[in-house]
Amino acid sequence: MTISINSKVMLSHHVAMQQLGFGTYQLTDFDELSCAVNAAINAGYRAFDTAQLYQNEKQLGQILKDCHVARDKLFITTKINNSNQGYDKTLAGFDQSLKDLQLDYLDLFLVHWPLSDTFFDTWKAFEKLYEEKRVRAIGVCNFQISHLELLSTKANIKPMINQIEIHPYLTQIELVEYLRQQKIAIEAWSPLARNKVITDPLLIEIGNKYQKSASQVTLRWHIQNGYIVIPKSAHPDRIAQNANIFDFELTPDEIQAINGLNQNLRVGPNPDNVYQKNGF
């Protein structure tokens, strides 16, 4: 099957999401964000990921409202902030995000981090929002197997997606296999390990073979592994380059070699520590 920037991953409950999306973490300046988002739209991106934590929902909402792409062609994700978790606070937080994003509904709403004291109440609110059809899909971020197993003891609806840190230096194979068994889609944040992978000799060597950069090789690795992936950049040329990964294909041996780069290296917090400390 030929894949392209228009290719989608089918979440449970029959919701299709673009496999390659655009992340907006740390893009808070309106002009910078506008330049980046419009460059992404021009490059073919239609899925956009933000969070209450990023403090750019208002800016992103205005930019997407003003863009030439119809609402039903966009897939917009945001995440509940740790300080807004809990049943009532989650519902209020969702309302505020919807207002800030200038939307009538959200495509995907995620629990940003697992927190022990609000764990079940937050998900109960998510289920209510889904059942009321105010959001098309609900999921989690940074949930380990233990968190998902715990959630399953009281949840009526299984998370449709788990957005986790995943890249060649942190392959999380055990968690990936569990998510596949549970039919929970896998979405990768920080897919380039905050640019740590771009100087890796193996990725550069493979890239030279295909006349691609190490970044492009890494993103292609994500795509061929079946992950949804949301690279972030503020530079229009890199945004376009990150989308130009559908004209080559890594061999099975190359996929295995990249898998072998794993160091269990995190560039973000360990979810177990966040859960135990009730936030960070």
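Each remark here, short or long, concerns the structure printed above.
Because the structure is a prediction, the values reported are computed rather than measured. (Residues numbered from 1 in each chain as written. Predicted model: local features only at pLDDT ≥ 70, side-chain atom pairs only at ≥ 80, totals over all residues. Heavy atoms only, no water.)

### Notes on unusual backbone geometry
Item 1. The backbone of Lys133 shows a phi angle near 60°, a positive value even though the residue is not glycine.
Item 2. Assignment of secondary structure puts Lys133 in the loop between α4 (119-131) and β7 (135-141).
Item 3. One non-glycine residue with positive phi stands out, namely Lys183, at about 60°.
Item 4. Look at Lys183 and you get exposed, because its relative accessible area is 67%. (Helix = DSSP H or I, 4+ residues; strand = E, 2+ residues; numbered from the N terminus. Buried < 20%, exposed > 50% of the residue type's maximum accessible area, 1.4 Å probe, protein only.)

### Points about the sheet that holds strand β9 (residues 185-189)
Through backbone hydrogen bonds, the strands of a sheet pair up, either in parallel or in antiparallel fashion.
Item 1. Here we have 8 strands laid out as an open sheet, ordered β3-β4-β5-β6-β7-β8-β9-β10, and parallel in their pairing. The sheet is open, and its two borders are formed by β3 (22-23) and β10 (228-229), each paired with just one other strand.
Item 2. Judged from the 5 bridges that link them, strand β8 (residues 161-165) and β9 form a sheet pairing that is parallel. Opposite Gln163, over in β9, you have Glu187 as the bridge partner. (Pairing = 2+ DSSP bridges.)

### Comments concerning the environment of Asn270
Item 1. If you trace the backbone, Asn270 turns up in the loop between α10 (252-259) and α11 (271-277).
Item 2. The class of Asn270 is partly exposed, set by a relative accessible area of 27%.
Item 3. Taking C-alpha positions, Asn270 is 22 Å from Gln182, a pair spaced 88 residues apart along the chain.
Item 4. Reaching out from Asn270, the side chain makes a polar contact with the backbone nitrogen of Asp272 at a distance of 2.9 Å. (Polar contact = N/O pair within 3.5 Å; in protein donor to acceptor, adjacent residues only side chain to side chain.)

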